[in-house]
Amino acid sequence: MDVTLFLNHACNMACTYCYNGNKFHRPMSEDIMRRAVEMAFFGKDARISFFGGEPLLEWKMMKRAMAYARDLEKKKYEDKTPVRFSMTTNGTLVSKEVLEILKNERFHLVFSLDGNRESHERTRSYADGASSYDVIVENLERAVKAIPSVETITVIDPRNAELIPESFESIMSLGVKNLNFSLNYEAEWTDEQLATLEHSLDRLVDIYIAKYREGIDFALDLFDSKVITHLKGGYACRDRCKFGKEELCVAPSGMLYPCERLVGEDTRHDVTIGDIWKGPDLQKVVEMGKKKDEPDAECVDCKLQHRCMFWCGCVNYATTGNVGETSGILCKLEQMAIAAADRAAGTLFAEENPMFIGKFYCAS
């Protein structure tokens, strides 16, 4: 089971697009933490993620959770796959001590960094308005040396869409090889901003192609995932979020959610799926999963439907208030991402670029 511990609603930053609502101090208790860790071992594989707020504000709790998981692993679950840990952090509190422990525990570590300085400072400041860029970059560069697989997640927002190419180059220059550029489906995009985004993605395609021609190894989820959907004929069931079936999030209160993005201020009772004491409501999990996986009537005949993230219950809920209803903006942004990815892939395939062919067609 993949269990996310939402350790606290508190955060030391004030990102412009944050979907978690107001920041307040409500840390997870020891009892709820232990019950959440135990739930991770219900399935074949135990995977524990830390989220928030900013999870490193609860570093002591994180360490106790890791120790408890390792203790369970040794005493009761010897036949299980070793527990795996991951964390998404804003990067401001990744000290040398923290990094050393994350390295030893083989964490899957994700830093939030919105590109180059100008782009990042438009969207991700400290709570007092001060820039967080320098400290995050310093910590990220240290992290890349300790954990080469470290990833970054960059939110593409109307405020920074024009700077996507510059942001990509800036993050690559820090030694990061795994980049996630996430479109902000929840923003109110104007026609002018959408035109800016489309132009910016076109420029990013040119850089993407150039990197392959230079033989530079990297991963850019925004394009790579769409290339894979073309090759596979769409998103397979296993590619979609499990939404409570094999993954769940535990709020500090002990309430269960199908995804960490839905916790917010922990008041969205229509999307809770149980609590830590009684466990998940399996009937509600199945019903919500069915809703999100069925395309809207107007999407059924779309030729891109099988490559679109219409099935993302979190985005649907945030934009329409219904996990099973897709918004028009998701449709527009997905079309842009697919078109850009196809132009990049079509060019590299036609050139028989060896790195591209080897990566996506498993050929040398």
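Before reading further, recall that the structure is shown in the block above.
Since the model is a prediction, treat every value here as computed from it, not as a measurement.

Trainee: What exactly am I supposed to notice about the sheet that holds strand 9 (residues 256–257) here?
Mentor: To summarise the sheet geometry, strands pair through backbone hydrogen bonds and adopt either a parallel or an antiparallel arrangement. The strand order across the open sheet built from nine strands is 7-6-5-4-3-2-1-8-9, with neighbouring strands paired in mixed fashion. A single partner strand is all that each edge strand has here, and the edge strands are strand 7 (219–220) and strand 9. Lying on the sheet, helix 2 (residues 59–75) is in contact with strand 1 (2–6), strand 2 (45–51) and strand 3 (81–89); it crosses strand 3 at an angle near 165°.

Trainee: Even after reading the chapter, I still don't get helix 8 (residues 221–232), so can you show me in this structure?
Mentor: Since one α-helical turn is 3.6 residues long, residues separated by three or four positions face the same way. Taking 1.5 Å of rise per residue, the 12 residues of helix 8 would be expected to cover 16 Å, and the 16 Å separating its terminal C-alpha atoms lies within 8% of that figure. Of all the positions in helix 8, only L222, F223, D224, S225, K226, V227 and T229 are classed as buried. The inward-facing, buried residues of helix 8 contact strand 5 (151–156), strand 6 (178–183), helix 7 (191–213), strand 7, helix 11 (328–350) and helix 12 (354–361). Backbone geometry just downstream of helix 8 places G233 in the positive-phi region, at approximately 80°.

Trainee: Teacher, can you tell me more about a nonpolar patch on the surface here?
Mentor: There is a patch of nonpolar side chains on the surface, built from L231, F349 and Y361 and spanning about 270 Å² of accessible area. Mapping L231 onto the fold places it in helix 8. Judged by relative accessible area, L231 falls into the partly exposed class, the value being 34%.

Trainee: Just checking my understanding: could you explain the environment of R261 for this structure?
Mentor: Structurally, R261 can be placed in the loop between strand 9 and strand 10 (274–275). Sequence separation of R261 and F6 is 255 residues, and the distance between their C-alpha atoms is 10.0 Å. Leave out the neighbours within four places in its chain, and R261 touches Y19, E186, R268 and C314. In this structure the side chain of R261 is engaged in a polar contact, spanning 2.6 Å, whose partner is the side chain of E186.

Trainee: Help me understand empty space enclosed by the protein, please; the structure alone is not making it clear to me.
Mentor: Vacant regions in the atomic arrangement are exposed by a probe of water-molecule size rolled over the atoms. By the definition in use, this model includes one cavity of 30 Å³ or more. Of the volumes computed, that of the largest cavity is approximately 40 Å³. At the level of secondary structure, the elements contributing two or more residues to the lining of the largest cavity comprise strand 5 and helix 6 (164–173). Considering each element in turn, the lining of the largest cavity owes the most residues, three residues, to strand 5. Across the lining of the largest cavity, the residue classes break down as four nonpolar, four polar and no charged.

Trainee: What's the story with the side chain of Q305 in this structure? I'm lost.
Mentor: Along the chain, Q305 turns up in the loop between helix 9 (282–293) and helix 10 (313–320). The exposure class of Q305 is buried, given its relative accessible area of 18%. With near-sequence residues (within four places) excluded, Q305 lies in contact with P295, C299, V300 and F310.

Trainee: Explanation requested: the pattern of salt bridges in the structure shown.
Mentor: Between side chains of opposite charge, a pair can form as their charged atoms come close. All told, the structure shown has 25 salt bridges when counted by the stated rule. Note that R122 and E162 form a salt bridge whose closest N and O atoms lie 3.0 Å from each other. Taken together, the residues span a long stretch of sequence, with R122 in helix 4 (residues 117–123) and E162 in the loop between strand 5 and helix 6 at a distance of 40 residues. For E162, a relative accessible area of 41% puts it in the partly exposed group. Salt-bridge contacts for R142 lead to E138; the nearest nitrogen and oxygen are separated by 3.6 Å. Here the residue R142 and the residue E138 both occupy positions in helix 5 (residues 133–146), the gap between them amounting to four residues, near one helical turn.

Trainee: Would you mind going over the packing of aromatic side chains with me for this structure?
Mentor: Within a pair of aromatic rings, the relevant descriptors are the distance that separates the centres and the angle that separates the planes. Using the criterion set out here, one finds 15 aromatic pairs in the structure. Judged by centre distance (6.0 Å) and plane angle (55°), the ring pair of F6 and F51 falls under tilted. Here the residue F6 occupies a position in strand 1, and F51 occupies one in strand 2, the gap between them amounting to 45 residues. Judged by relative accessible area, F51 falls into the buried class, the value being 11%. Measuring from centroid to centroid gives 5.1 Å for Y208 and Y212, while their planes differ by 55°, and the two rings are tilted. Residue Y208 and its partner Y212 are both found in helix 7; the two are separated by four residues, about one turn of the helix. Look at Y208 and you get buried, because its relative accessible area is 1%. Taking relative accessible area as the criterion, Y212 reaches 2% and is therefore assigned buried. Each residue in the set F168, F181, Y208, Y212, F218, F223, F349, F356, F360 and Y361 is aromatic and connected to the rest through ring pairs, giving one cluster. Across from the ring centre of Y68, 4.2 Å away, lies the NZ or CZ of R34, which sits over that ring. Sitting above the plane of the F218 ring, K359 keeps its charged end 5.9 Å from the centroid.

Trainee: Mind showing me how you'd approach the nonpolar core here?
Mentor: The nonpolar side chains of a soluble globular protein tend to be buried with one another. Counting 110 residues, the largest nonpolar core has L5, V37, F50, L197, L220 and L222 as its most contacted members. Element by element, the count of residues in this core is highest for helix 11, at 10 residues.

Rules behind the numbers
Residues numbered from 1 in each chain as written. Predicted model: local features only at pLDDT ≥ 70, side-chain atom pairs only at ≥ 80, totals over all residues. Heavy atoms only, no water. Pairing = 2+ DSSP bridges. Helix = DSSP H or I, 4+ residues; strand = E, 2+ residues; numbered from the N terminus. Contact = heavy atoms within 4.5 Å. Axes fitted to C-alpha atoms, helices over the stretch in contact; angles between N-to-C directions. Expected span 1.5 Å × (residues − 1). Buried < 20%, exposed > 50% of the residue type's maximum accessible area, 1.4 Å probe, protein only. Patch = residues over 30% accessible without salt bridge, like charges linked within 9 Å, V, L, I, M, F, W, Y side chains within 5 Å. Areas by Shrake-Rupley, 256 points an atom, 1.4 Å probe, with all protein chains shown as cover. Salt bridge = Lys/Arg side-chain N within 4 Å of Asp/Glu carboxyl O. Polar contact = N/O pair within 3.5 Å; in protein donor to acceptor, adjacent residues only side chain to side chain. 1 Å grid on protein atoms, 1.4 Å probe; cavity = no way out; pocket = protein on both sides within 12 Å on 5 of 7 lines; lining within 4 Å. Points joined across faces, edges and corners; volume = space filled by probe spheres on them. Nonpolar A, V, L, I, M, F, W, Y, C, P; charged D, E, K, R; others polar. Phe/Tyr/Trp six-rings, centres within 6.5 Å; stacked < 30°, edge-to-face > 60°. Lys NZ or Arg CZ within 6 Å of the ring centre and 35° of its normal. Core = buried A, V, L, I, M, F, W, Y, C linked by side-chain atoms within 4.5 Å.

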